Amino acid sequence: MEKICVAVRVRPSVSEEAFHGTLWKVEDNRVSLHRQDGTPISGLSYAFDHVFDETCSNDRVYDLLTKDIIHATIQGFNGTVFAYGQTSSGKTFTMNGSPTNPGVIPLAVKDIFEKIQMISDREFLIRVSYMEIYNEEINDLFAVENQKLQIHESLERGIFVSGLREEIVNNADQVLKFIESGEVNRHFGETNMNVRSSRSHTIFRMVIESKGRDTHDSSTDAIRVSVLNLVDLAGSERIAKTGADGVRLKEGKHINKSLMTLGNVINKLSDGAKQRGHIPYRDSKLTRILQPALGGNAKTSIICTIAPEEIHIEETKGTLQFASRAKRITNCAQVNEILTDAALLKRQKLEIEELRSKLQGSHAEVLEQEILKLRNDMLKYELEREKLELELEEERRSHKEREQHIMEQQMRIQSLSNLVTSSESRSSSQDSRRQSPEENVHDSLCHGDVFRTPTFKAAPNAFVAKRSNYSRLPDCSPLPDSFSNVADEDTWLKLNKGHITDLDSLLITPARKVQSLSSVDATPGCSKQSYQQEVQKLKRQLELVTEEKNEFQQKYTEQVQLNDQLTGEISELRQEVLQIQEIPRRLGESVASCKDFYEDVLSTMQSFEFDEKSSTTKVLSSTCEIWSSLFATLESHFSTATDDQKYIQENDSLVQENCKLLFERLKSTITAAVLSETSAVDTKQEKDLQCRCNHKEEEAPDWKETLRNDLDKINREYHCLKKEFDLGNELMEATKERYCSLEREFQLLKEERDSLLKEVAESSQKLALITDQKENVLKDLNSQVQRRKDLEEEIKQFSVAFGCRQKSLVSFHNELKSNIEKLRAQNPVQVPKTLGG
Ligand code: ADP
Ligand code: MG
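Residues numbered from 1 in each chain as written. Chains lettered and ligands numbered in written order. Predicted model: local features only at pLDDT ≥ 70, side-chain atom pairs only at ≥ 80, totals over all residues. Heavy atoms only, no water.

S.K.: I would appreciate a short explanation of the overall build of the protein chain in the present structure.
M.R.: The helix and strand inventory of the protein chain stands at 22 helices and 17 strands. The proportion of buried residues among the 837 residues of the protein chain is 41%. Intrachain contacts of the protein chain at a sequence separation of at least 6 include 74% that bridge at least 24 residues. Element-wise, carbon and sulfur atoms account for 52% of the exposed surface of the protein chain, whose accessible area totals about 48,000 Å². (Helix = DSSP H or I, 4+ residues; strand = E, 2+ residues; numbered from the N terminus. Buried < 20%, exposed > 50% of the residue type's maximum accessible area, 1.4 Å probe, protein only. Contact = heavy atoms within 4.5 Å. Areas by Shrake-Rupley, 256 points an atom, 1.4 Å probe, with all protein chains shown as cover.)

Here you go:
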């Protein structure tokens, strides 16, 4: 437990005038009020942790009061420094300073970055935010559009302002620039900046996260998260004015709410733990945000600034009393260590958010690029495929030629062998039986072993016979059964096992078309026609998808434009609504000033001496009553109006009724007064007549004169009052009319805003739908690409198979050649030169 550190700072006097009565003197840590002769006034001497006189610089204030707290925040403690005091006593000068005399905020920022530079074993992540509480509303000073933010509480983050922009920073200059831009935002659209700054609270906040650099041990891998609040409070002068008698809420009650609650919280906290009871932190935005700083987990120091001038003596006393109470508060600060990944996750989340927002910003471009890439890929595939098809075609042609060639070769070989056979038969005298070449072939065919290739090589005659037969079947493919008679073992084996090469060979063998047409048709990769159809289909689909994509893109751009436009309009409307919301408060103020004026008139009138029973007095008191009640109604009406616009409507009829009632009452009082006055005159005249009858000789013109004078006077006063009343009435009517028209305008704007909001919601729905559709299209496109890839794969396999087939043909051809060579060698007959290729 440690006490809040409290200091008082005296601003240099702004007037050159010498003190006439009393003056504040600073001695060590004490400030006391002295008479002109130098004697202290009892009961007005206060001691604090520090008292800074008018010569003290901001540097010194920083060193003595806040430096320790700032350093503690780097260690993981929460810290808060706030400046309290009446307007113009030097709060902003202390917190922000001037270019030549920087205040607590810039000094703290610089100090923090210097300090963390020196800490090499920890890594830091610093986020800053800057907010303003004005009229009990939290506004973001880093983002003007973030207005009326709400306070939330969570286990992970504690009490926080949701939607408040946090900027990750890594040097002091960056922070100071952010603060500067925040100040510019604060001035934005403000007509009377001084009024606003003296009525608003600003909170500059730094969140410091740190983590050991090289800790591999997860148990010591705790993350420290501390929050530093540097607060410049609103001028405290109204607390004294409204606190004690609590009569006037001329400034709008919200402005005082935060400060009043701060006073209450400090009072309660200073009562000591036992009497404390409920602490009303939740009664205002300021105290809720500063809750940890007041009687909680934070190191806190308060600097109370006072103005030394005699005219401010009451405010100064108030400030010193506040400071004395604050001095009694104790806090319990501890290092905030988080063992979970919450803080780190937060950082990662931020990064992801940033990336996501970047991605969202260029979503269309990303998609565009992706689609472009896909299109490029497809184009590439298309080209490759075409090239492959051409190659395939070429291969087929050359293959056909080769086959043709082989056939011719075979034919020649056959004719050659025939020749050989005939010459053999002719030359052999032992061979009694003459055989035709066909019969010879038939013999060879009947030889069972010959067909069991590859051993056929050992029986060249049989081979020739077999091939000769095979070559005679160019137009019809044999059925598997009959095929066994023709095909060599390898081919048959491959065929039966469904090897790719078989498909290949089937495709190339002319007879294949007859035999296995259906199976070929079923495989898209093997039929050129179906493949082309597939490609055409894909092309068409791609075109459709591209068209659709373009359409969506156009729609999306339109939506984005519409959205931007709507957002602009909404922000304009918001501004207008804000201005309109100000009106009841201003009206309240004018009623208050009207009341002031009226009270002046009343007191002047009351200064005339009237007889208690005279009708003028009655009229006056009745008018007074009526006006008071009228003002009370108006005041309460306008003060509630500032709270809630809806309430105005309900209250308006009430006010009108009240007015009617009051006018009736005033009328009847005046009539009664006039009547009683007339009757009094009549009675008097009657009495006079009687007197005259009774004492004919004693006529005194004096009383008549006096009576007439009296009557005139009363009449004049009555007219005066009536005029005044009429004037008031007119003013009232005008105010009412203005108010009604403003309200109508406000309603219209509200309706317009609602419809715009609806439109925005609809647009975003549409947008989401379009995005969905776009994603689906992309998916389709991807699947098409995948399909295309599969097809490509098939083509590749096909060409490999083709290659194999080609190879086998070449080897067959070579074999054939060698056989021919052998045959030639065995039968050296005259062969034309063209034979044998
Ligand atoms: P507040 O924020 O309390 O309303 P300011 O900080 O704006 O008051 O101070 C009012 C004026 O007094 C400013 O012009 C400021 O420069 C000056 N001032 C305040 N304190 C000092 C000081 N200690 N030394 C010099 N000038 C000061
Ligand atoms: Mg200020």
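There is more to say after this.
S.K.: Please explain the pairing of strand β7 (residues 79–85) as it appears in this structure.
M.R.: As a general feature of sheets, a regular strand has side chains that alternate between the two faces. Most of β7 is tucked away, with seven of its seven residues classed as buried. Neither face of β7 is exposed, since Gly79, Val81, Ala83 and Gly85 on one face and Thr80, Phe82 and Tyr84 on the opposite face are all buried. Both β7 and strand β15 (residues 299–306) contribute to a ladder of seven bridges, which runs parallel. By the bridge assignment, Phe82 is partnered in β15 with Ile302. (Pairing = 2+ DSSP bridges.)

S.K.: Before we go on, may I ask you to explain the packing of aromatic side chains in this structure?
M.R.: Two aromatic rings are characterised by how far apart their centres lie and by the angle between their planes. One pass over the full model with this rule turns up five aromatic pairs. Seen from their ring centres, Tyr84 and Phe322 are 3.6 Å apart, and the 0° between their planes marks the pair as stacked. Of this pair, Tyr84 sits in strand β7 while Phe322 sits in helix α9 (residues 313–326); the two residues are 238 residues apart in sequence, bridging distant segments of the chain. Judged on exposure class, the residue Tyr84 and its partner Phe322 are both buried. Ring geometry for Phe142 versus Phe178: centroids 5.4 Å apart, planes at 45°, classification tilted. Here Phe178 lies in helix α4 (residues 172–187) and Phe142 lies in the loop between β9 (137–140) and β10 (150–154), a separation of 36 residues in the sequence. (Phe/Tyr/Trp six-rings, centres within 6.5 Å; stacked < 30°, edge-to-face > 60°.)

S.K.: What exactly am I supposed to notice about the pattern of salt bridges here?
M.R.: A side chain with one charge may pair with a side chain of the opposite charge, provided their charged atoms come close. Under the definition given, this model contains 18 salt bridges. Residue Glu145 is joined to Arg165 by a salt bridge in which the shortest nitrogen-to-oxygen separation is 3.6 Å. With a gap of 20 residues between them, Glu145 in the loop between β9 and β10 and Arg165 in the loop between β11 (158–162) and β12 (167–169) connect regions that are remote in the sequence. Across the pair Arg397 and Glu394 runs a salt bridge whose closest N-O atoms are separated by 2.8 Å. With Arg397 and Glu394 both in helix α11 (residues 363–427) and three residues apart, the pair spans about one turn of that helix. Three or more residues are tied together by salt bridges with common partners; here these are Arg127, Glu166 and Glu209. (Salt bridge = Lys/Arg side-chain N within 4 Å of Asp/Glu carboxyl O.)

S.K.: Where do I start with the confidence of the model for the protein chain in this structure?
M.R.: As a note on interpretation, predicted positions should not be read in detail where pLDDT is low. When pLDDT is averaged across the protein chain, the result is 74; 65% of the residues are at 70 or more. Considering only residues more than four positions removed or in separate chains, one finds that residues 429–526, a stretch of pLDDT under 50, has 96 contacts. (pLDDT = per-residue confidence, 0-100.)

S.K.: I tried to follow the nonpolar core on my own but got confused; where do I start?
M.R.: Taken as a class, soluble globular proteins show a tendency for nonpolar side chains to be buried jointly. The biggest cluster of nonpolar side chains holds 48 residues, and the ones touching the most others in it are Phe48, Leu262 and Leu294. Not counting residues within four places of it along the chain, the set of residues in contact with Leu294 comprises Ile4, Phe82, Leu262, Val265, Ile266, Leu269, Tyr281 and Asn331. Counting residues in hydrophobic clusters, the runner-up holds 37 residues, among them Leu65, Ile74, Val109 and Phe204. (Core = buried A, V, L, I, M, F, W, Y, C linked by side-chain atoms within 4.5 Å.)

S.K.: What should I look at first to understand helix α3 (residues 104–118) in this one?
M.R.: Every α-helix winds through 3.6 residues per turn, so residues three or four apart in the chain are directed the same way. With 15 residues, α3 should reach 21 Å at 1.5 Å per residue; the first-to-last C-alpha distance of 21 Å fits that figure. Within α3 the residues assigned to the buried category are Val104, Ile105, Pro106, Leu107, Ala108, Val109, Asp111, Ile112, Phe113 and Ile116. (Expected span 1.5 Å × (residues − 1).)

S.K.: Sorry, what's going on with the packing of helix α1 (residues 58–75) against α3 here?
M.R.: Between two packed helices, what matters for the description is the angle formed by their axes and the separation of those axes. Their axes nearest at 10 Å, the elements α1 and α3 cross at an angle of 45°. Taken together, the axis directions place α1 and α3 in an arrangement best described as oblique. You can see that α1 and α3 cross each other, and the crossing is right-handed. Contacts between α1 and α3 involve Asn58, Asp59, Tyr62, Thr66, Lys67, Ile70, His71, Thr73 and Ile74 from the former and Val104, Leu107, Ala108, Asp111, Ile112, Lys115 and Ile116 from the latter. By residue class, the composition of the contact of α1 with α3 is eight nonpolar, four polar and four charged. (Axes fitted to C-alpha atoms, helices over the stretch in contact; angles between N-to-C directions. Parallel < 35°, antiparallel > 145°, perpendicular 65-115°, else oblique. Left-handed = near helix turned anticlockwise from the far one by under 90°. Nonpolar A, V, L, I, M, F, W, Y, C, P; charged D, E, K, R; others polar.)

S.K.: Explain the site of ligand 1 here, please?
M.R.: With respect to spatial proximity, the complete set of residues near ligand 1 consists of Arg9, Arg11, Pro12, Gln86, Thr87, Ser88, Ser89, Gly90, Lys91, Thr92 and Phe93. The backbone of Phe93 places a nitrogen or oxygen atom 2.7 Å from an oxygen atom of ligand 1. Protein contact buries 65% of the 550 Å² of open area that ligand 1 shows by itself. In terms of residue count, helix α2 (residues 91–95) provides more of the shell around ligand 1 than any other element does, three residues in total. Classifying every residue of the shell around ligand 1 by side-chain character gives two nonpolar, six polar and three charged. (Near = heavy atom within 4 Å. Polar contact = N/O pair within 3.5 Å; in protein donor to acceptor, adjacent residues only side chain to side chain.)

S.K.: Could you clarify how one ought to interpret a negative patch on the surface in this entry?
M.R.: Judged by side-chain charge, Glu543, Glu547, Glu548, Glu551 and Asp780 come together as a negatively charged surface patch. Per element, the largest residue contribution to the negative patch is four residues, and it comes from helix α19 (residues 528–607). Residue class for Glu548 comes out partly exposed when judged on its relative accessible area of 35%. (Patch = residues over 30% accessible without salt bridge, like charges linked within 9 Å, V, L, I, M, F, W, Y side chains within 5 Å. Lys, Arg positive; Asp, Glu negative; His and termini not counted. Charge placed at Lys NZ, Arg CZ, Asp CG, Glu CD.)

S.K.: Teacher, can you tell me more about unusual backbone geometry here?
M.R.: Leaving glycine out, the prevailing phi sign among residues is negative, and the prevailing peptide bond configuration is trans. One non-glycine residue, Ser88, lies in the positive phi region at around 70°. With respect to the element layout, Ser88 can be found in the loop between β7 and α2. Backbone geometry places Lys148, a non-glycine residue, at a positive phi of 50°. Within the fold, Lys148 resides in the loop between β9 and β10.

S.K.: Is there a simple way to think about the sheet that holds strand β5 (residues 40–47) in this case?
M.R.: Strand pairing in a sheet is mediated by backbone hydrogen bonds. Such pairs are either parallel or antiparallel. Across the sheet, which stays open at both edges, the three strands sit in the order β3-β4-β5 with antiparallel pairing between neighbours. Looking at the sheet topology across the chains shown, the edges are occupied by β3 (22–27) and β5. Pairwise comparison of adjacent strand axes, ignoring direction, gives a mean angle of 25° for this sheet. Pairing between β3 and strand β4 (residues 30–35): six bridges, direction antiparallel. Of the residues in β4, the one forming a bridge with Thr22 is Arg35.

S.K.: What am I meant to see in α1 here?
M.R.: In a regular helix each residue adds 1.5 Å, so 18 residues correspond to 26 Å; α1 covers 24 Å between its end C-alpha atoms and thus fits that length. Along its length, α1 reaches its greatest deviation from straightness, about 60°, at Thr66. Those residues of α1 that sit buried are Asn58, Val61, Tyr62, Leu65, Thr66, Ile69, Ile70, His71, Ala72, Thr73 and Ile74. Immediately beyond the C-terminal end of α1, within one or two residues, lies Gly76, with a positive phi of roughly 110°. (Bend = angle between axes of the 7 residues up to and from the residue.)

S.K.: Even after reading the chapter, I still don't get the environment of Lys148, so can you show me in this structure?
M.R.: Note on Lys148: relative accessible area 39%, which makes it partly exposed. Expressed as a C-alpha distance, the spacing of Lys148 and Glu132, which sit 16 residues apart in the sequence, is 9.9 Å. Those residues within four positions of Lys148 in sequence are excluded, and the remaining contacts are Glu137, Ile138, Asn139, Leu578 and Gln581.

S.K.: Would you explain the environment of Leu416 in this entry?
M.R.: Topologically, Leu416 is positioned in helix α11. Residue classification places Leu416 among the buried residues on the basis of a relative accessible area of 16%. Along the sequence, Leu416 and Asn827 sit 411 residues apart, while their C-alpha atoms lie 9.4 Å from each other.

S.K.: Is there a simple way to think about the pairing of β4 in this case?
M.R.: In sequence, β3 turns back onto β4 through a hairpin of two residues, with Asp28 there showing a positive phi of about 50°. Sheet analysis places β4 next to β5, joined by four bridges and oriented antiparallel. Opposite His34, over in β5, you have Pro40 as the bridge partner. Between β4 and the antiparallel strand that follows it, β5, lie four residues; Gly38 among them carries a positive phi value of about 95°.

S.K.: Just checking my understanding: could you explain the environment of Gly296 for this structure?
M.R.: Note on placement: Gly296 falls in the loop between α8 (285–289) and β15. Sequence separation between Gly296 and Met1 is 295 residues; the distance between their C-alpha atoms is 9.7 Å.

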